[in-house]
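# Observations on the three-dimensional arrangement
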Amino acid sequence: MNFAILAPSPYHFVLGGAEHLWLGLQRFVNECTGHSCELVKVPTLEGNLGELINSYRKHAEVDLLGYDRVIATKYPAWMTCHPNLAIYMQHKLRGLYDTYHFCTQPETVAWPAELAWVRQEIELLKYARAQDNGAVVRLLDLLQGAMEGGRISAEFSRFPGPFSRHLIHALDEFALQPARIASYTTISKNVAGRSNYFPPSVEVSVAYHPPRLEGFHCGGDDYLFTVSRLDQPKRVGLLIEAMRHVRADIQLLIGGTGPDEHRLRELAAGDSRIQFLGSMTDMQVLDAYANALAVPYVPYDEDYGLITIEAMRSAKPVLTVHDAGGVNEFVEHGVTGLCVAPTPLALAGAIDELCSHRSRTQEMGRLARRRVANISWKPLAERLLGLSLPEPLASHRVKAAQPRVRKKAVVAITFAVTPARGGGQSRVFHLYKALARSMDVVLVCLCNEDVAETRHEIAPGLWEICVPKSAEHQRREVEASRQVEWVPVTDIVAGREIIHSPRFLARLDEECAQADVVVACHPFFTSLLRERFAHLPLWFEAQDVELTLKQGILPKSDAASQLIELVRSEERKAWLEAKVVFACADCDLESMSALYGPTAAQTMVVPNGFAEEDVHYVAQATRRQLRHRLVLKDGPLVIFLGSWHGPNLDAVERIFGYAQALPHVMFAVVGSAGLYFNGRGVPDNLRLLGVVDDAEKQILLSAAELAINPMTSGTGSNLKMLDYFASGVPVMSTAFGARGIDAEPDEHYIASDAESFLPSLVSFWLQPRDVDAMCERARLLARSRYSWTAICGAALPVFMSHLAAD
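To keep things clear, this report deals only with the structure shown in the data block. None of the values given here were measured: they were computed from a predicted structure.

Cut-offs used in this document
- Residues numbered from 1 in each chain as written.
- Predicted model: local features only at pLDDT ≥ 70, side-chain atom pairs only at ≥ 80, totals over all residues.
- Heavy atoms only, no water.
- Helix = DSSP H or I, 4+ residues; strand = E, 2+ residues; numbered from the N terminus.
- Buried < 20%, exposed > 50% of the residue type's maximum accessible area, 1.4 Å probe, protein only.
- Expected span 1.5 Å × (residues − 1).
- Contact = heavy atoms within 4.5 Å.
- Salt bridge = Lys/Arg side-chain N within 4 Å of Asp/Glu carboxyl O.
- Axes fitted to C-alpha atoms, helices over the stretch in contact; angles between N-to-C directions.
- Parallel < 35°, antiparallel > 145°, perpendicular 65-115°, else oblique.
- Left-handed = near helix turned anticlockwise from the far one by under 90°.
- Nonpolar A, V, L, I, M, F, W, Y, C, P; charged D, E, K, R; others polar.
- Phe/Tyr/Trp six-rings, centres within 6.5 Å; stacked < 30°, edge-to-face > 60°.
- Lys NZ or Arg CZ within 6 Å of the ring centre and 35° of its normal.

## Structural notes on the side chain of His748
If you trace the backbone, His748 turns up in the loop between strand S25 (731-733) and strand S26 (750-751). According to the relative accessible area criterion, His748 is buried, its value standing at 12%.

Rendered as structure tokens:
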């Protein structure tokens, strides 16, 4: 069956509790149930009543009838009309419900005589047919027109205010009536008990959801750690004030960012024990939990409090307060944590108690882990999907005590894979995640010296081990880069200098002790793998023709020539000695054959792909609406995706020229390629946005009027083309930019050679064309041929047959 999670998405994306829920549930359904689930996100703003009305209208107009069931967790997603709509309530718009009293506004509307018609129109919604979303849209259009035309004053429609509260209550009441809803579930008893959240007399179930993250573990007890969005309702300031009264010598580490950060830093100024960690990766969060003594978490009336579950999964007690809401459904005072009055003195006393009785604190942590051990996705998914599910098809844990029955591959890589921001990282993650369905895969990654050594399961059966280089290794790498005009050479010299990073070699030896195959991801560790593990078959993942690539970016010098010869030697060895060679495109296999002669390996193309769950198709009409909401600039938006990679840098150089010639067009360069140009004068209509997360990239792809790919060099294929196709943005590309993808010029994309690219851009607006059909053909091509599901479905039998033969 096909399911959808409908979710509102703010333009300034924050990965909070709601987002963790959506992503975790989607992942479980897709990977562990035999069913499919898509996360459908609708751009949403709520800065004023006009924006809020527009957001409610968008969700009322979303057509999801192609899905068997739709799940809505948060306003205004439940405005959609679907015959099988399940509610998993996180919360309503709290500022107009349970926290409205804080804004000191009247609860009832004082209706002036000239607005009696407004009251009547809203009242009529009670008599509309349950499935008549047209009545909602008509009402919202009428109200928005009256607000824009001045018939409803700004003062009357203030937000928050009594009229905005009255309207949103009426809309929610219509949307959540029993005739429209298949089932009501909520994330906590706290939410279930809130006034006006559910229709009277309906049955509401409580189902706790686990964290999206995996790999929670317990380490040391060195500090206090809390992480959340730095916003006033989280009351991090209360913890900072409490630290002034703490006698114990212990640090408070605070992770996260948010609108209250500046005030909190000022509040903590002068206390060296308090440290702000800023934005953190998943691995950093897991490690911070693992080595904390306890996790203080003191929000006001929290809906659920996912941080509570994460802390307890890490065997850490939680320090909270009496009015923390859902947190107290898990914190039992003196058993799984401490719960005290919401005052600095009470919290300080509790912190001193935790520090003074560490053995008791550790015992509370063990009991806390036991308290949340049974919170899992399966019972929640059964409730929300309305199905009885078998045990998960893919286990999220491998029990060490069980005998090893699956084959094991160890992959040596010169970079960390998560978080996957670049195309190479994304390819590694999704390719080996698919392979891990049938065998254990361990990625042993060489990282910078300032990275902590970690080992985490990043997908079922897929582990990432990050090992920092030694200081001497890093020094030698920097010196090699200096000799070639500071071109990055991390990958080129990795095999040569790895002898100076003995910890990496030790971890590689440990993992290969029970391996069935070793994989060189890029050729740079080939000699290392052949010398240390000659008894194991070697697979070679050739993401590029590295010799050609490095020749294009290194300067002409003796030092560069030595590095080029090092690349040639490693790539030739990988090509000739591997049992399997898999590349992104046929042209790369042909190039290596021409460079190094025939190989005895089985060669195959595993093309670049895209993750369907990370890229969402947006139709042209919706794009036009979204463009007007972005803060970049009114007018056309053209997007280019690219990492810090020689061919991409050449393309960005050309984009500088396009921007100067077309000042009415906004150009956005997304990815690390833009960082190369820091300090250089940039045209006013060019934005170098740097590395963004998946949600931010999706917003830009959804708003763009055109995506471009003016590539003229490079190897492999361009992953960006698939992101473009899958998102529904029209694409203009050179034929070279579309290499390795079976896309036809003017069938799937607008073709232009590099010399004619600027005139082609001009004609795109001077001679508009109907691109809807082209974008739909491109989307279908991407989904059917280049989703990672399709790619790995074809490649997996070949890999497994080789393992069986070996």
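## Brief notes about helix H5 (residues 162-175)
Compared with an ideal rise of 1.5 Å per residue, which puts 14 residues at 20 Å, H5 spans 20 Å between its outermost C-alpha atoms and is within 8% of the ideal. The buried fraction of H5 is high, at twelve of 14 residues. Those residues of H5 that fall on the buried side of the exposure criterion are Pro162, Phe163, Ser164, Arg165, Leu167, Ile168, His169, Ala170, Leu171, Asp172, Phe174 and Ala175. Tucked into the core, H5 has its buried residues touching helix H2 (49-61), helix H3 (116-124) and helix H4 (133-148).

## A look at the pattern of salt bridges
Think of it this way: side chains of opposite charge can pair up when their charged atoms draw near. Scanning the entire structure with this criterion turns up 47 salt bridges. In this structure, the salt-bridge partner of Lys469 is Glu477, at a minimum N-O distance of 2.6 Å. Among the ionic pairs, Glu577 bridges to Arg530, the shortest N-O distance being 3.5 Å. Separated by 47 residues along the polypeptide, Glu577 in helix H20 (residues 558-577) and Arg530 in helix H18 (residues 526-532) bring together distant segments of the chain. With relative accessibility at 36%, the residue Glu577 sits in the partly exposed group. For Arg530, a relative accessible area of 18% gives the class buried. In the salt-bridge network here, residues are joined through shared partners; they are Arg94, Asp98, Arg194, Asp301 and Asp303.

## Some points on the packing of helix H15 (residues 471-482) against helix H16 (residues 490-497)
Two quantities define a packed helix pair, namely the angle between the helix axes and the distance between the axes. Packing of H15 against H16 leaves a shortest axis separation of 10 Å and a crossing angle of 135°. By the criterion of interaxial angle, the relationship of H15 to H16 is oblique. For the pair H15 and H16, the sense of crossing is right-handed. Of the residues in H16, those in contact with His473, Arg476, Glu477 and Ala480 of H15 are Thr490, Val493, Ala494, Arg496 and Glu497. Each residue belonging to the contact of H15 with H16 can be placed in one class, and the counts come to three nonpolar, two polar and four charged.

## What to know about the packing of aromatic side chains
Per the stated rule, a full pass over the model turns up 18 aromatic pairs. Where Phe102 meets Tyr300, the ring centres are 5.4 Å apart and the plane angle is 75°; that geometry is what we call edge-to-face. With a gap of 198 residues between them, Phe102 in the loop between strand S4 (85-91) and H3 and Tyr300 in the loop between strand S10 (292-296) and helix H10 (306-313) connect regions that are remote in the sequence. Residue class for Tyr300 comes out partly exposed when judged on its relative accessible area of 27%. Lying over the aromatic face of Tyr100, Arg165 brings its terminal NZ or CZ to 5.0 Å of the ring centre. For Arg680, the ring lying beneath its charged end belongs to Phe656, and the centroid distance is 4.1 Å.

Fair warning: the whole summary comes from geometry, so function is off the table for now.
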